[in-house]
Amino acid sequence: MSDRIRMTIDGREIAVEPGTTVAAALMMNGVHSFRESPNGDERGPLCGMGICFECRMTVNGASGVRTCNLLCADGMEVSTQ
Ligand code: FES
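It should be emphasised that the depicted structure is a prediction, and the values quoted were computed from it without experimental measurement.

What counts, and where the lines are drawn
- Residues numbered from 1 in each chain as written.
- Predicted model: local features only at pLDDT ≥ 70, side-chain atom pairs only at ≥ 80, totals over all residues.
- Heavy atoms only, no water.
- Salt bridge = Lys/Arg side-chain N within 4 Å of Asp/Glu carboxyl O.
- Helix = DSSP H or I, 4+ residues; strand = E, 2+ residues; numbered from the N terminus.
- Buried < 20%, exposed > 50% of the residue type's maximum accessible area, 1.4 Å probe, protein only.
- Core = buried A, V, L, I, M, F, W, Y, C linked by side-chain atoms within 4.5 Å.
- Contact = heavy atoms within 4.5 Å.
- Pairing = 2+ DSSP bridges.
- Axes fitted to C-alpha atoms, helices over the stretch in contact; angles between N-to-C directions.

## Overview of the pattern of salt bridges
- The final tally for this structure, using the stated rule, is four salt bridges.
- The residue Arg43 makes a salt bridge to Glu54 at a minimum N-O spacing of 2.7 Å. With Arg43 in strand 4 (residues 42–43) and Glu54 in the loop between strand 4 and strand 5 (56–59), this residue pair connects regions lying eleven residues apart in the sequence.
- In this structure Glu54 comes out as buried when scored by relative accessible area, which is 12%.
- The network of salt bridges with shared partners includes Arg35, Arg43 and Glu54.

## A look at the nonpolar core
- Met7, Val16, Val22, Leu26, Phe34, Cys72 and Val78 are the most contacted members of the largest nonpolar core, which has 18 residues in total.
- The set of elements that each furnish at least two residues to this core consists of strand 1 (5–9), strand 2 (12–16), helix 1 (22–28) and strand 5.
- If we skip the residues at most four places from it in the chain, Val22 touches Met7, Thr67, Leu70, Leu71, Cys72, Met76 and Val78.

## Quick look at the sheet that holds strand 7 (residues 77–79)
- Across the sheet, five strands lie side by side as 2-1-7-5-6; this open sheet has mixed pairing. A single partner strand is all that each edge strand has here, and the edge strands are strand 2 and strand 6 (62–66). Strand-to-strand twist across the sheet, computed as the mean angle between neighbouring axes with direction ignored, equals 40 degrees.
- Note that strand 1 and strand 2 share five bridges and pair antiparallel. Paired with Met7 across the two strands is Ile14, which belongs to strand 2.

Below, the structure written as C-alpha cells:
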C-alpha cells in the first residue's frame, strides 16, 4: 500500500500500516530487545499498556520514550538504548 508509514529502526528503513504502535512495528520487524538494563540484561515490552516502562527507546532524539502506546509517524527515527 502506498499509504504505509516509513520510519527507521537503528537506521534500517521499515514501512508499517497507519495505526501501528512503535513497539508493535519493532516486534513485527524482528526487534525484541529494545534496550539494556544497567547490568546489561536485554529488555523489551512487558505490559503493552504504558505501565512497566520496559519498552523505552530513543525516538527522534528523545530518550526514555515508552513505545508501546506511541503511534508510528512518517520519518520517525527510533533507536535502541
Ligand atoms: S510495554 Fe510496558 S510501558 Fe510499554
